[in-house]
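One letter stands for each residue in the lines below.
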Amino acid sequence: MIGLISATAAGAAARDRLAAAWPDRTRVYDGPVKDAVRSAFAECEQLVCFLATGAVVRLIAPLLGAKATDPGVVCVDEGGRFAVSLVGGHGGGANELARAVGESLAAQPVVTTATDAVGLPGLDTLGFPVEGSVAAVSRALLDGEPVALRAESAWPLPPLPLAQDGAHVVRVTDRAVEPAGNEVLLRPPSLVVGVGASRGAPADEVLGLVEDALRDAGLSPRSIAELATVDAKAEEPGIVTAAARLGVPLVTYSAGELAGIQVPNPSDAPRTAVGTPSVAEAAALARGGELLVPKRKSRRPDGRPAMATCAVVRRPARGRLAVVGLGPGARDLLTPRAKAELRRAAVLVGLDQYVDQIRDLLRPGTRILESGLGAEEERARTAVAEARAGHAVALIGSGDAGVYAMASPALAEASDDIDVIGVPGVTAALAAGAILGAPLGHDHVSISLSDLHTPWEVIERRVRAAAEADIVVTFYNPRSRGRDWQLPKALAILAGHREPTTPVGVVRNASRPDESSRLTTLGALDPAWVDMMTVVTVGNTATRNIAGRMVTPRGYRWQESAQKEGK
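In this report, the structure presented in the accompanying data block is examined. (Residues numbered from 1 in each chain as written. Predicted model: local features only at pLDDT ≥ 70, side-chain atom pairs only at ≥ 80, totals over all residues. Heavy atoms only, no water.)

Focus on the overall build of the protein
Then, number 1: What the protein contains, in helices and strands, is 19 helices and 29 strands.
Then, number 2: In terms of principal-axis extent, the alpha carbons of the protein reach across some 90 × 65 × 55 Å.
Then, number 3: Residues classed as buried in the protein amount to 46% of the 567 residues present.
Then, number 4: Partitioning the intrachain contacts of the protein with sequence separation of at least 6 by distance along the chain shows that 64% fall at a separation of at least 24.
Then, number 5: Working note: accessible area of the protein is about 26,900 Å², and carbon and sulfur atoms make up 51% of it.
Then, number 6: Positive and negative side-chain charges in the protein, numbering 60 and 64 respectively, have mean positions lying 1 Å apart. (Helix = DSSP H or I, 4+ residues; strand = E, 2+ residues; numbered from the N terminus. Buried < 20%, exposed > 50% of the residue type's maximum accessible area, 1.4 Å probe, protein only. Contact = heavy atoms within 4.5 Å. Areas by Shrake-Rupley, 256 points an atom, 1.4 Å probe, with all protein chains shown as cover. Lys, Arg positive; Asp, Glu negative; His and termini not counted. Charge placed at Lys NZ, Arg CZ, Asp CG, Glu CD.)

A word on the packing of aromatic side chains
Then, number 1: With the rule as written, the count across this model stands at 2 aromatic pairs.
Then, number 2: Ring centres of Tyr 404 and Tyr 476 lie 4.7 Å apart, and the angle between their planes is 50°; on these two criteria the pair is classed as tilted. One end of the pair, Tyr 404, is in the loop between strand S20 (392-397) and helix H15 (407-413); the other, Tyr 476, is in strand S24 (residues 472-476), with 72 residues separating them in the sequence.
Then, number 3: Relative accessible area serves as the criterion here: at 42%, Tyr 404 is assigned to the partly exposed category.
Then, number 4: Look at Tyr 476 and you get buried, because its relative accessible area is 10%. (Phe/Tyr/Trp six-rings, centres within 6.5 Å; stacked < 30°, edge-to-face > 60°.)

Considering the nonpolar core
Then, number 1: Grouped together as the largest cluster of nonpolar side chains are 23 residues, with contacts concentrated most on Val 193, Val 195, Leu 214, Ile 224, Leu 227 and Val 312.
Then, number 2: Listing elements by their share of this core, those giving two or more residues are strand S12 (191-197), helix H7 (203-217), strand S13 (224-230), helix H8 (237-246) and strand S16 (308-314).
Then, number 3: When residues in this core are grouped by element, the largest group, 6 residues, is from H7.
Then, number 4: By size, the runner-up hydrophobic cluster in this structure holds 21 residues, among which are Val 463, Ala 466, Ala 490 and Ile 493. (Core = buried A, V, L, I, M, F, W, Y, C linked by side-chain atoms within 4.5 Å.)

A short note on the pairing of strand S18 (residues 347-351)
Then, number 1: Among the 5 residues in S18, 5 count as buried, and that is most of the element.
Then, number 2: Where S18 lies against strand S19 (residues 367-371), 5 bridges are found, and the strand directions are parallel. Residue pairing for S19: Val 349 is matched across the bridge by Leu 369.
Then, number 3: Between the parallel elements S18 and S19, the chain passes through helix H13 (residues 352-358) in a crossover that is right-handed.
Then, number 4: Bridge count between S18 and S20: 3 bridges; the pairing is parallel. Each residue of the ladder has a partner; that of Val 347, found in S20, is Val 393. (Pairing = 2+ DSSP bridges. Right-handed = clockwise from strand over helix to strand, strands pointing away.)

Points about the pairing of strand S10 (residues 168-172)
It is a general feature of regular strands that their side chains alternate between the two faces of the sheet.
Then, number 1: Judged by how many residues are buried, S10 sits mostly within the fold: 5 of 5 residues are covered.
Then, number 2: Judged by which residues are buried, S10 turns out to be covered on both faces: His 168, Val 170 and Val 172 on one side and Val 169 and Arg 171 on the other are all buried.
Then, number 3: Direction of pairing for strand S8 (residues 147-151) relative to S10: parallel, over a ladder of 5 bridges. Note that in S10 the partner of Ala 151 across the bridge is Val 172.

Considering the sheet that holds S8
Then, number 1: Across the sheet, 5 strands lie side by side as S7-S11-S10-S8-S9; this open sheet has mixed pairing. What marks the edges here is a single partner per strand, and that holds for strand S7 (130-132) and strand S9 (162-163).
Then, number 2: Most of the contacts of helix H6 (residues 134-142) go to S10, to which it runs at about 115°, and overall it touches S7, S8, S9, S10 and strand S11 (183-186). (Axes fitted to C-alpha atoms, helices over the stretch in contact; angles between N-to-C directions.)

Focus on the environment of Asp 356
Then, number 1: Along the polypeptide, Asp 356 turns up in helix H13.
Then, number 2: Separated by 14 residues in sequence, Asp 356 and Glu 370 place their C-alpha atoms 9.7 Å apart.
Then, number 3: Within polar-contact distance, the side chain of Asp 356 engages the side chain of Arg 359 at 2.7 Å. (Polar contact = N/O pair within 3.5 Å; in protein donor to acceptor, adjacent residues only side chain to side chain.)

What about H7?
Then, number 1: The terminal C-alpha atoms of H7 lie 21 Å apart, and with 15 residues this matches the ideal 21 Å at 1.5 Å per residue to within 8%.
Then, number 2: Ala 203, Glu 205, Val 206, Leu 207, Leu 209, Val 210, Ala 213 and Leu 214 are the residues of H7 that are buried.
Then, number 3: As for H7, its buried residues are in contact with S12, S13, H8, strand S15 (290-297) and S16. (Expected span 1.5 Å × (residues − 1).)

Here's the deal with the environment of Ala 407
Then, number 1: Relative to the elements of secondary structure, Ala 407 occurs in helix H15.
Then, number 2: Its relative accessible area of 15% is what places Ala 407 among the buried residues.
Then, number 3: Sequence separation between Ala 407 and Ile 396 is 11 residues, and the spatial gap between their C-alpha atoms is 8.8 Å.
Then, number 4: Those residues in contact with Ala 407, other than ones at most four positions away along the chain, are Val 323, Ala 401 and Gly 402.

Remarks on the environment of Gly 80
Then, number 1: When you line up the elements, Gly 80 lands in the loop between strand S4 (72-76) and strand S5 (82-87).
Then, number 2: Sequence-wise, Gly 80 and Ala 234 are 154 residues apart; in three dimensions their C-alpha atoms are separated by 49 Å.
Then, number 3: The contacts of Gly 80, once residues within four sequence positions are left out, are Leu 105, Ala 106 and Ala 107.

Brief notes about the sheet that holds strand S29 (residues 549-551)
One key point about sheets: their strands pair by backbone hydrogen bonds, in either a parallel or an antiparallel sense.
Then, number 1: With mixed pairing, the 3 strands of this open sheet are ordered in space as S22-S29-S28. Strands at the two margins of the open sheet, each flanked by one partner only, are strand S22 (437-438) and strand S28 (544-546).
Then, number 2: With 3 bridges joining them, S28 and S29 adopt antiparallel strand pairing. From the neighbouring strand, Ile 546 faces S29, where its bridge partner is Arg 549.

Describing the packing of helix H1 (residues 9-21) against helix H4 (residues 94-105)
In a pair of packed helices, the angle between the axes and the distance between the axes together describe the arrangement.
Then, number 1: Relative orientation of the contacting elements H1 and H4 amounts to 100°, with a least axis distance of 10 Å. Compared by their axis directions, H1 and H4 come out roughly perpendicular. Together, Ala 14, Arg 17, Leu 18 and Ala 21 of H1 and Val 101, Ser 104 and Leu 105 of H4 make up the contact between the two elements.
Then, number 2: Looking at the contact of H1 with H4 residue by residue, the classes come out as 5 nonpolar, 1 polar and 1 charged. (Parallel < 35°, antiparallel > 145°, perpendicular 65-115°, else oblique. Nonpolar A, V, L, I, M, F, W, Y, C, P; charged D, E, K, R; others polar.)

Shape descriptors only; they carry no functional weight alone.
Next comes the structure, spelled out in structure tokens:
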């Protein structure tokens, strides 16, 4: 929850705007400011104070406890011009909150954290639990001193200027070791704990067993990725509570799935109870990995039979592939999620002209693998290979990466050994549609006229089906120097089912500085107006030119009635 505090009418007005924008995330604290700040500081994860920074400093100073537990605090001036990250920039999320508040209130975010100021990700913002000398190692990175990376497994990190050797160290490990004075430990989510339990097993017994198993194996509980068990135990209170206390998800598998997994210690007891000879070991091994702790049973102080079992597996490191849609070209149509993924990537793979569009958004040290037109499959293979090597990779495409772009060839190459994240983007069809008016107001279809990968016979069959179904059609890749006959052929098919007066929109370089558009008709369209940078949208029999805009009605009854009355 985000606490909102103000003292004046101007501050309250900005406060109420934010509360209206985030109704489920915010709580307004009224009353004397000192009391409101004290209450919000104790009850909320973050605060936004519509007060002077000096006043907020004095108010929160007596309340500050520890960097890891204090809420993030953002100050917004009463004019709503600036959102200042004051306390808890990384740990409390104040830096991101300042940016979000700035976006919501049209204010300028002010972030003074040293790493953010120079484009370096904070070591405590990498998504891994962190221990050790964060400040000292961050200072070394900022000062350009060599900082060594000691990674026991290749979990994906954002771009960091790390070296093979150095007086300061970033260590990626799931082992229960204490950090040295010049060292930061990053805890990867590498451990899967399989758990079995009898009905009614106490949560303390389950949790104690897990903790003992990890301690005896020299493993850190902060690297637990998940608890795993059989479906029949999905709601067993002791297991559910243990997962909640550890702060990890509970993953379950069917008895049939677990029965097919080879384990070193099968047993008849679980076979009889839930239908599989192994629960703990099989659930831990369900997605592969190295069995570090074979099945062990809990020990009860009263000497009665154990009610819980567990096993621990170290799963292989998983690389990360983000397939990112850049939108049609305009920077303001690049989504915030896409920007975040670009800054997170240690490796960027893309077409050279697309790389040029977003090069300035990349963090220092991002490795760029760019290539020219016609190398789509090579880029897809490269991106997947880099992710399999344990890197955080962004594969970029224009528009939406899943629409005539890089998502499909990449996912055809990828298997389940990497994490794949899709980041949607504004497509060329949508950008062109917004320029033309509302041509996609009813059913519509996009068809690529490029026969480089699809036989023309298949394309023609699809165009004919769209024509017969009276669906609005947007043509991608409509015409190039070497392919100048496909568009006239497709238009002729549509003309067999639609009047020559059917509206047609032609948009070139939608949203870019040299954007151009025209609204014409099916009978008047000249294919010479069209090239590969153009999308052509052909209306259906209901599409109209209304005040110079291309509009396809939704088909509401009141519209039909109005049309009949107008006749």
